[in-house]
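Breakdown of the fold
The residues making up each chain are set out below.
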Amino acid sequence: MVEVKLFSGTTSAYLSKSIADHYGHPLGDINVHRFSDGEMQPVINESVRGAYVFFIQSTYPPTENLMELLLMIDAAKRASAGYITAVIPYFGYARQDRKDKPRVPISAKLIANLLHTAGANRIMTMDFHADQIQGFFDIPVDHLKSEAIYIPYFQKQDLSNTIFASPDVGGVKRARTYAKHFRRPLVICDKYRKQANEVSEMTVIGDVEGADVILADDLVDTAGTLCRAAAILMEKGAKSVRAMCTHPVLSGQAYEKIENSHLDELLVCDTIPLKQESEKIKVLSTAKLFSRAIRNTHEHRSISALFVGD
C-alpha cells in the first residue's frame, strides 16, 4: 500500500500531534522559514514522492494560515507527491458563500479554487458553515460532522428534560439532527441583524418552560447571538441553557460575554485552539475522528460509516 505522510501547519500543531498519535504514525518533518518581510517558505525535509500526503491546517486566523497551507501543497506537488489531501478542521471564509449584497466576493468559492490550483486532490474538513460549499469544489470533499463527537457525549447523559434549540433559522437542520436522534423537542430562536456581528431582535419559536435547553451551532464568533439566545430562553422559562458549537472562533469580547451570560456551559471542538481558559468552556477532541477519516481515505473505505446513523 502507498505510504502515508502526515504534516502539520504551524498553528494546528496541537491537533496534528494528537491526530498522528491516534493514527499511529509520526508527523513528517517540515519547516516554515520566514523572511524578515513576512514571506513564508515551507520546506519538506523528507521524500514524499508517490506518497499519500495529508496537510493538517485550520485556516484561522484565515489569511496567513491559508497562505501557508497553499504553499505546503505546492511544495508537495512539485516534489511528486502521489495524492495530496488538505485536512482543514476549520475552513475559513465559509460564511462568505453567496452574494448577499452588491459588489462583494464569494470568498468561499475563491478559496476552493485556490486550493485546487495549488495542487490539492482532496479536501477534508468539519462542519462547513453551509453544506452547499462542497459544490464549490471540483475535487472530492470529505465533510466530517461534529455529531460523531457530540452524540456519543450526550448519550452518556440524562436528556429526559432536554429541548434542543437553534440560535438562528439557518442552523435548524443542525439542531434538528440532535432532536431527531434523541427524540426530543426542537425550538428556534429567530434573529434579525442590522449589521454583521450585531443582533438587533430575537424571538423564540416554541415552548421551553421548565426545560433544560441545549443550543446547537456550527461556530461562535463574537458570541453575541449565543448569549442573546440564552438570555431570551431563560426569560421564556427555561430551567437551564447549555450550548455546543464545532468551531470556537471566539473573537473580540466573546470570552467576557460567555462568562457573564446565562449559559451554564459551552461545549466546543478543538478545530481552533482556545485563546484563554474559561470555566464555562469544555473542549472535546476531534483527533480520533480525523485520524479514522484519514485511515479510511488511505484504505479507500467509507467516510460516512464514521457517523452515527449513516
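Throughout what follows, the structure given in this document is the object of discussion. Predicted, not measured: the structure shown is a model, and the values here were computed from it.

Comments concerning the pairing of strand E12 (residues 240-248)
- Counting buried positions along E12 gives 9 out of 9 residues, so the element sits mostly inside the fold.
- Direction of pairing for strand E11 (residues 212-220) relative to E12: parallel, over a ladder of 8 bridges. Directly across from Ala216, in E12, lies its bridge partner Met244.
- Each parallel crossover has a hand, and the one from E11 via helix H6 (residues 224-235) to E12 is right-handed.
- Considered for its hand, the β-α-β crossover made up of E12, helix H7 (residues 254-259) and strand E13 (residues 265-269) is right-handed.

Quick notes on the sheet that holds strand E7 (residues 141-144)
- Reading across the sheet, the 5 strands line up as E1-E4-E5-E6-E7 and stay open at both edges, with parallel pairing between neighbours. Edge positions in the open sheet fall to strand E1 (4-8) and E7, since each of these has one partner strand only. Averaged over all adjacent pairs, the angle separating strand axes in this sheet is 15 degrees, with direction ignored.
- For strand E6 (residues 122-126) and E7, the ladder comprises 4 bridges, and the chain directions are parallel. Opposite Met124, over in E7, you have Asp142 as the bridge partner.

Examining unusual backbone geometry
- Pro61 follows Tyr60 through a cis peptide bond whose omega is -5 degrees.
- One can find Pro61 in the loop between strand E4 (52-56) and helix H2 (62-78).
- Its identity is not glycine, yet His300 carries a phi of approximately 60 degrees, on the positive side.
- Following the sequence through the fold, His300 ends up in the segment after helix H8 (287-298).
- According to the relative accessible area criterion, His300 is exposed, its value standing at 65%.

Some points on the packing of aromatic side chains
- Summed over the entire model, instances satisfying the criterion amount to 12 aromatic pairs.
- Plain terms: the ring middles of Phe128 and Phe137 are 6.4 Å apart, the flat faces sit at 25 degrees to each other, and that makes the pair stacked.
- Phe128 gets classed as buried once you look at its relative accessible area, which sits at 2%.
- Of the residues examined, Phe137 reaches a relative accessible area of 7% and is grouped as buried.
- Relative to Phe182, the ring of Phe154 has its centre 6.5 Å away and its plane inclined at 90 degrees; by these criteria the two rings are edge-to-face. Here Phe182 lies in helix H5 (residues 172-182) and Phe154 lies in helix H4 (residues 147-155), a separation of 28 residues in the sequence.
- On the accessibility criterion, Phe154 (1% relative accessible area) is buried.
- Through successive ring pairs, a cluster of aromatic residues spans Tyr150, Tyr153, Phe154, Phe164, Tyr178 and Phe182.
- For the cation-ring pair, Arg295 lies above Tyr23, with the distance from its terminal atom to the ring centre recorded as 4.1 Å.

Basis of the calculations
Residues numbered from 1 in each chain as written. Predicted model: local features only at pLDDT ≥ 70, side-chain atom pairs only at ≥ 80, totals over all residues. Heavy atoms only, no water. Buried < 20%, exposed > 50% of the residue type's maximum accessible area, 1.4 Å probe, protein only. Helix = DSSP H or I, 4+ residues; strand = E, 2+ residues; numbered from the N terminus. Pairing = 2+ DSSP bridges. Right-handed = clockwise from strand over helix to strand, strands pointing away. Axes fitted to C-alpha atoms, helices over the stretch in contact; angles between N-to-C directions. Phe/Tyr/Trp six-rings, centres within 6.5 Å; stacked < 30°, edge-to-face > 60°. Lys NZ or Arg CZ within 6 Å of the ring centre and 35° of its normal.

Keep in mind that these numbers describe shape and distance, not what the molecule does.
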